[in-house]
Amino acid sequence: MFSELPPKDVYRALSEKENSVLIDCRTRSEWVYVGIPDISQTGRELALIEWVDSTGQPNPDFLAQCREKISANSSVFVICRSGARSAAACMALIENGYAQVCNVAEGFEGDLDGDNHRSQKNGWKFHQLPWQQR
């Protein structure tokens, strides 16, 4: 089973764990229009690997793309918009030989608030962690 940590704890863990990587498994359009985590200050790698495409179709190459960039003995953190897709991606990684996998609870934008807006209640951006527009 994979673990789960809130965004601030993930950022801290990335800073402290030498052999760690953050996978952003959202879609290309989300990376472009919403932004991506900026973990450059941690010295770690951000891997942009879609779990599904913008039409919702699964990425058949997700695991192959992960294997290309990330060794199975790495500490792997996975983020999506709110934590659901990344949880599914974490399970797939665990089932395929990755031992240290952690879902980023709350995701990049977090849950909807009372006005149906994201990034106002929780998530990476809400906690004012570094991010950038592509």
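Residues numbered from 1 in each chain as written. Predicted model: local features only at pLDDT ≥ 70, side-chain atom pairs only at ≥ 80, totals over all residues. Heavy atoms only, no water.

Asker: How do you make sense of the pairing of strand β5 (residues 75-79) when you look at a structure like this?
Answerer: Residues in a regular strand project their side chains so that they alternate between the two faces of the sheet. For β5, the tally of buried residues reaches 5 of 5 residues, placing the bulk of the element in the interior. By the alternation rule, side chains of β5 split into Ser75, Phe77 and Ile79 and Val76 and Val78, which are all buried. The sheet contact formed by strand β2 (residues 20-24) and β5 spans 5 bridges and is parallel. When the sheet's bridge partners are listed, isoleucine 23 is paired in β5 with valine 78. Relative to strand β6 (residues 100-104), β5 runs parallel, the two sharing 4 bridges. Across the sheet, the residue bridging to serine 75 is glutamine 100, located in β6. (Buried < 20%, exposed > 50% of the residue type's maximum accessible area, 1.4 Å probe, protein only. Helix = DSSP H or I, 4+ residues; strand = E, 2+ residues; numbered from the N terminus. Pairing = 2+ DSSP bridges.)

Asker: What am I meant to see in helix α4 (residues 84-95) here?
Answerer: Because each turn of an α-helix spans 3.6 residues, side chains separated by three or four positions in sequence point in the same direction. Between its first and last C-alpha atoms α4 spans 17 Å; for 12 residues at 1.5 Å apiece the expected length is 16 Å, and the two agree. Among the residues of α4, Arg85, Ser86, Ala89, Cys90, Ala92 and Leu93 are the ones counted as buried. Taken down its axis, α4 places every buried residue within 165° of arc, on the same side. Those residues of α4 that are exposed and angled more than 90 degrees off the buried face are Ala84 and Glu95. Next to the buried residues of α4 lie β2, α2 (28-33), α3 (62-69), β5 and β6. (Expected span 1.5 Å × (residues − 1). Arc of directions from axis to C-beta. Contact = heavy atoms within 4.5 Å.)

Asker: Help me out: how do you make sense of the packing of α3 against α4 in this one?
Answerer: Between two packed helices, both the angle of their axes relative to each other and the distance between the axes serve to describe the pair. Two elements in contact, α3 and α4, have axes whose closest approach is 11 Å; the angle formed by their N-to-C orientations is 70°. With respect to α4, the element α3 is oriented roughly perpendicular. The way α3 lies across α4 gives a crossing that is right-handed. Across the interface between the two elements, Phe62, Leu63 and Cys66 from α3 touch Ala89, Ala92 and Leu93 from α4. When its residues are assigned to classes, the contact of α3 with α4 shows 6 nonpolar, no polar and no charged. (Axes fitted to C-alpha atoms, helices over the stretch in contact; angles between N-to-C directions. Parallel < 35°, antiparallel > 145°, perpendicular 65-115°, else oblique. Left-handed = near helix turned anticlockwise from the far one by under 90°. Nonpolar A, V, L, I, M, F, W, Y, C, P; charged D, E, K, R; others polar.)

Asker: Where do I start with the sheet that holds β6 in this structure?
Answerer: Backbone-to-backbone hydrogen bonds pair the strands of a sheet. The strands run either parallel or antiparallel. If you trace the 5 strands from one edge of the open sheet to the other, you get β1-β6-β5-β2-β4, paired in parallel fashion. Only two strands of the sheet have a single partner each, and these edge strands are β1 (3-5) and β4 (45-48). Between one strand axis and the next, the sheet turns through 30° on average, direction left out of account. Across the sheet, helix α1 (residues 7-16) is in contact with β1, β2, β5 and β6; its angle to β2 comes to roughly 140°. Docked against the sheet, α4 engages β2, β5 and β6, running at close to 175° with respect to β6.

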